[in-house]
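Fold and contact review
Below, each chain spelled out in residue letters.
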Amino acid sequence: MQTAEKARFNDLTGVLALYRSLIGTEGCAWNEFYPSEDDIRQDIVQGGLYLLRTDKGEIIAACALGPDPELDEVDGWDSGVQNPMGLMRMAVRKDCQRQGLAGHLLAQVERDAARQGVDSIRLLAAQTNPSAIAFYERAKYRRTGTAHMYGLDWFCYEKLLK
């Protein structure tokens, strides 16, 4: 199994291509404006964009972990958390889905986050994305409520790391 690595600036185009390739797939809430090149650049600057690659170096999975002030506005999170981070933009290339790559990437991100002192990972899953909902629930994320943001309805999930 591949080891997750942090993205570099020369990965920006490949990550954007991965994200764009998933627009229009079942449950995907993304569009031609989101995620943007600026979102990816910010994830790289913050050191929180994780990638999995093929043996040939092609990007097959990505996700970002970092501060997300917009999530702080959502009610229902565990009140004892001191250092939460948001998990954003989880993506696996279409021809590589259903092979355990998202779970593998997520487990590595969680371990890295715990080593960095993060005590909770929070995320939003579109209510129209049954695959994402099932994935996060299998990964032991707890549904904490709902939110209406960005013109969509979301389930809020949180996993305590400590």
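Here we summarise the structure given alongside this text. (Residues numbered from 1 in each chain as written. Predicted model: local features only at pLDDT ≥ 70, side-chain atom pairs only at ≥ 80, totals over all residues. Heavy atoms only, no water.)

1. Here's the deal with the packing of aromatic side chains
For the coordinates displayed, the defined rule picks out 5 aromatic pairs. Between Tyr136 and Tyr157 the ring centres are 6.4 Å apart and the planes differ by 35 degrees, which places this aromatic pair in the tilted class. Within this pair, whereas Tyr136 is found in helix H5 (residues 130-138), its partner Tyr157 is found in strand E7 (residues 152-160), the two being separated by 21 residues in sequence. The class for Tyr136 is buried, based on a relative accessible area of 7%. (Phe/Tyr/Trp six-rings, centres within 6.5 Å; stacked < 30°, edge-to-face > 60°. Helix = DSSP H or I, 4+ residues; strand = E, 2+ residues; numbered from the N terminus. Buried < 20%, exposed > 50% of the residue type's maximum accessible area, 1.4 Å probe, protein only.)

2. Quick look at helix H2 (residues 37-45)
For H2, the full list of buried residues reads Ile40, Asp43 and Ile44. Here the buried residues of H2 occupy an arc of 100 degrees about the axis, which is enough to place them on one side. H2 presents Asp38 and Val45 as exposed residues on the side facing more than 90 degrees away from its buried surface. Where the residues of H2 are buried, they touch helix H1 (12-21), strand E2 (49-53), strand E3 (59-66) and strand E4 (84-92). (Arc of directions from axis to C-beta. Contact = heavy atoms within 4.5 Å.)

3. Thoughts on the nonpolar core
Counting residues in each nonpolar core, the largest one holds 30 residues, and the members touching the most others are Leu65, Leu87, Met90, Leu105, Leu106, Tyr136 and Tyr141. Elements represented by at least two residues in this core include exactly E2, E3, E4, helix H4 (101-115), strand E5 (120-126), H5 and E7. Per element, the largest residue contribution to this core is 6 residues, and it comes from H4. Contact partners of Leu106, with chain neighbours within four places excluded, come to Leu87, Met90, Phe135, Tyr136, Ala139 and Tyr141. Counting 17 residues, the second largest nonpolar core, distinct from the first, contains Ala7, Leu22, Ile44 and Met88. (Core = buried A, V, L, I, M, F, W, Y, C linked by side-chain atoms within 4.5 Å.)

4. A closer look at the sheet that holds E4
Read from one edge of the open sheet, 7 strands run E1-E2-E3-E4-E5-E7-E6, paired in mixed fashion. What marks the edges here is a single partner per strand, and that holds for strand E1 (5-6) and strand E6 (142-149). In this structure, E4 lies alongside E5, joined through 3 bridges in parallel fashion. Looking at the pairing, Met85 lines up with Ile121 of E5. Running at roughly 100 degrees to E3, H1 makes contact with E2, E3 and E4 of the sheet. (Pairing = 2+ DSSP bridges. Axes fitted to C-alpha atoms, helices over the stretch in contact; angles between N-to-C directions.)

5. Points about the side chain of Lys159
Looking at the element boundaries, Lys159 is found in strand E7. At a separation of 2.8 Å, a polar atom in the side chain of Lys159 contacts the main-chain carbonyl oxygen of Ala139. (Polar contact = N/O pair within 3.5 Å; in protein donor to acceptor, adjacent residues only side chain to side chain.)

6. Quick notes on the state of the cysteines
Per the stated rule, a full pass over the model turns up 0 disulfides. As a non-bridged cysteine, Cys28 has Cys63 as the owner of its nearest cysteine sulfur, 15 Å distant. The class of Cys28 is partly exposed, set by a relative accessible area of 22%. (Disulfide = S-S within 2.5 Å.)

7. Considering the environment of Cys156
With respect to the element layout, Cys156 can be found in strand E7. A relative accessible area of 0% places Cys156 in the buried class. Setting aside its immediate chain neighbours within four residues, Cys156 contacts Val74, Trp77, Leu123, Leu124, Arg142, Arg143, Thr144, Gly145, Thr146 and Ala147.

8. Here we look at unusual backbone geometry
Between Tyr34 and Pro35 the backbone carries a cis peptide bond, its omega angle lying at -5 degrees. Non-glycine residue Arg89 carries a positive phi angle of around 55 degrees. Following the sequence through the fold, Arg89 ends up in strand E4. For Arg89, a relative accessible area of 10% puts it in the buried group. One non-glycine residue, Tyr150, lies in the positive phi region at around 55 degrees.

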